[in-house]
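Descriptive analysis of the structure
Given next are the chains, with one letter for each unit.
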Amino acid sequence: MSYDRALTVFSPDGRLFQVDYAQEAVRKGTCTVGICGKDSVVLGVEKKAALKLQDSRTMRKIHQLDQHMFIASAGLVADARVLVDMARVECQNHRLTIEDPPTVEFITHYVASIQQRYTQSGGRRPFGISTLIVGFDPDNMPKLFQTDPSGIYYQWKANSIGRNSQTVREYLEKHYTDDIGENDAIKLAVKSLLEVVQTGSKNIEILVITKSGSRTPGADEIEEVIKTIEAEKAEEAERRSSRRTAQT
Amino acid sequence: MDAQFAIIGKSFAISVTDKSVAHSIVKMKHNADKTYELTPHTLMSVTGVPGDTSNFSEYIQGNVRLYGIRNSQNLSPSETANFIRGELANALRSRRPHQVNLLVMGYDKNTNESSLYWIDYLSAITKVPFAAHGHCSYFVLSVMDREYKPDITLEQGFDIIKKCIAAVKMRFPINFTDYTIKVVDSNGIREVSMADL
């Protein structure tokens, strides 16, 4: 008996197949990494190479939700557009009714509960995206949250979603330190993406958010970071080989 | 009754509103700000039935902000003014219209021009170089009619404002002790104190 079709039906072993398949779609999306630092939060995304005649400025992967909140997703881009817009409206609704900007958790909860609703009410398929929602709360603490097609959400110190996210996550687990500073967080984001993205600064986009605002480092700044990383790697290789020759 | 007027010049707009909020014979607030910043370069001053003023203004603020975030580009002053007029017009023949009088002014960074729109509670709109709402308009418009010239400088604008305030002080029965004076230009919105005029 096929339990693939109707979403609201469990399979005998307790799975919702449509949710699993949605998570497969996420795994096919471009890699996205988020790193929460001491006083900054960095989002890094793998950009698909722009076709020659395409205006790459219109291929946005990182979207602004509110003054200090941004979202990046992995998976079906069109589904992301819908959720991003709903989140944007909710941010303004919150400001209008509560007179305060929403916390990152509030919006994450909102997005996740929409994603969950689409796993339970009939006739609709789940959203084929996981999101990383980053920003600063009114208490000036940086936050990073993740949602996924099943509708759960978690808070992270650092995480990645999309293709090869497991590799990137393992890299982050090895190299992330609590209270990481802004420049180190940028370097770590670039380093972790370079593990899975081939061609360097052209295919990496970074967003840095601090208490006072946000900025998107230009391609040349990312190029500088990559050069620093490569120089460090060369130094490390040099040190290792000289140690080896010293030992023999 | 509230004092509310504004004037534009070469690439700036000045908004003047009084600071008192009265409820019958009690002055509830002496330092109220009757303006709302819709975008970094568009300001709206609001007077009318208390409650309608803040409710309508905050609703407009939310929608204008949402547009800016959705489209990575803010509404221009003229787009904002016309959007506001549309909202007023839709509510006009509904169960309860918004009883607010507005002056919407801003600096458009794309055309490098300042603009001012007078919008009343019946959703009439007109683009003007200077404007006023309420009783103070009887005094202030005469002053501005005589003194205004196109493309005035900020200093000249402040001079005209000073004359308007003096006219209100002399002829209006209510003594307004303080005004909220804001300037909108290419650098954004900033407040100016009466002493600095």
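None of the values given here were measured: they were computed from a predicted structure. (Residues numbered from 1 in each chain as written. Chains lettered and ligands numbered in written order. Predicted model: local features only at pLDDT ≥ 70, side-chain atom pairs only at ≥ 80, totals over all residues. Heavy atoms only, no water.)

Examining the pairing of strand 6 (residues 42-48) of chain B
Residues and elements named next belong to chain B.
- Of all 7 residues making up strand 6, 6 are buried, and the element is well covered by its neighbours.
- Note that strand 5 (residues 35-39) and strand 6 share 4 bridges and pair antiparallel. By the bridge assignment for strand 6, T39 is matched with T42.
- Taken together, strand 5 and the strand that follows it, strand 6, pair antiparallel across an intervening segment of 2 residues. (Buried < 20%, exposed > 50% of the residue type's maximum accessible area, 1.4 Å probe, protein only. Helix = DSSP H or I, 4+ residues; strand = E, 2+ residues; numbered from the N terminus. Pairing = 2+ DSSP bridges.)

What to know about the sheet that holds strand 8 (residues 158-161) of chain A
All names here are of chain A.
- Ordered in space as 8-1-2-9-10, the 5 strands form an open sheet in which the pairing is antiparallel. Of all strands in the sheet, those with a lone pairing partner are strand 8 and strand 10 (213-215), marking the two edges. Neighbour to neighbour, the strand axes of the sheet diverge by 15° on average, direction disregarded.
- Of the strand pairs in this sheet, strand 9 (residues 204-210) and strand 10 are connected by 3 bridges, and their pairing is antiparallel. By the bridge assignment, I209 is partnered in strand 10 with S214. (Axes fitted to C-alpha atoms, helices over the stretch in contact; angles between N-to-C directions.)

Some words on the pattern of salt bridges
Residues and elements named next belong to chain B.
- Taken as a whole and assessed by the stated rule, the structure comprises 26 salt bridges over all chains.
- For K19, the salt bridge is made with D178, and the minimal N-O distance between the two is 3.6 Å. Of this pair, K19 sits in the loop between strand 2 (12-18) and strand 3 (21-23) while D178 sits in the loop between helix 4 (154-171) and strand 11 (179-185), and the two are 159 residues apart along the sequence.
- Between K162 and D159 there is a salt bridge, with its nearest N and O atoms 3.8 Å apart. Of this pair, K162 and D159 are both found in helix 4, 3 residues apart, which corresponds to roughly one turn of the helix.
- On the accessibility criterion, K162 (38% relative accessible area) is partly exposed.
- We classify D159 as partly exposed; its relative accessible area is 38%. (Salt bridge = Lys/Arg side-chain N within 4 Å of Asp/Glu carboxyl O.)

Examining a nonpolar patch on the surface
- On the surface, V21, I25, V26 and M28 of chain B cluster together into a nonpolar patch covering about 420 Å² of accessible area.
- With respect to the helices and strands, the residue V21 of chain B is situated in strand 3. (Patch = residues over 30% accessible without salt bridge, like charges linked within 9 Å, V, L, I, M, F, W, Y side chains within 5 Å. Areas by Shrake-Rupley, 256 points an atom, 1.4 Å probe, with all protein chains shown as cover.)

Description of the sheet that holds strand 11 of chain B
All names here are of chain B.
- Read from one edge to the other, the open sheet built from 5 strands follows the order 10-1-2-11-12, with strand pairing classed as antiparallel. Where the open sheet ends on each side, the last strands, each with one partner, are strand 10 (130-133) and strand 12 (188-192). Recorded for the sheet is a direction-independent mean angle of 15° between the axes of neighbouring strands.
- Pairing of strand 11 with strand 12, which is carried by 5 bridges, proceeds in the antiparallel orientation. Bridged to D185 within strand 12 is G188.
- Contacts between helix 3 (residues 137-147) and the sheet are confined to strand 1 (4-9) and strand 10, with strand 10 contributing the most and set at about 170° to the helix.
- Strands strand 1, strand 2, strand 11 and strand 12 of the sheet are contacted by helix 4, whose axis makes an angle of about 20° with strand 2. (Contact = heavy atoms within 4.5 Å.)

So, helix 1 (residues 52-71) of chain B
- Between its first and last C-alpha atoms helix 1 of chain B spans 28 Å; for 20 residues at 1.5 Å apiece the expected length is 28 Å, and the two agree.
- Buried residues along helix 1 of chain B sit in contact with strand 3 (62-66) and helix 2 (77-98) of chain A together with strand 5, strand 6, helix 2 (77-92) and strand 7 (100-108) of chain B.
- Backbone geometry just downstream of helix 1 of chain B places S72 of chain B in the positive-phi region, at approximately 50°. (Expected span 1.5 Å × (residues − 1).)

Here's the deal with helix 4 (residues 165-175) of chain A
Residues and elements named next belong to chain A.
- Where helix 4 is concerned, the buried positions are S165, V168, Y171 and L172. Axial view of helix 4: buried residues confined to an arc of 125°, hence all on one face. For helix 4, exposure combined with an orientation more than 90 degrees from the buried face picks out E173 and K174.
- The inward-facing, buried residues of helix 4 abut strand 1 (32-36), strand 8 and helix 5 (182-194). (Arc of directions from axis to C-beta.)

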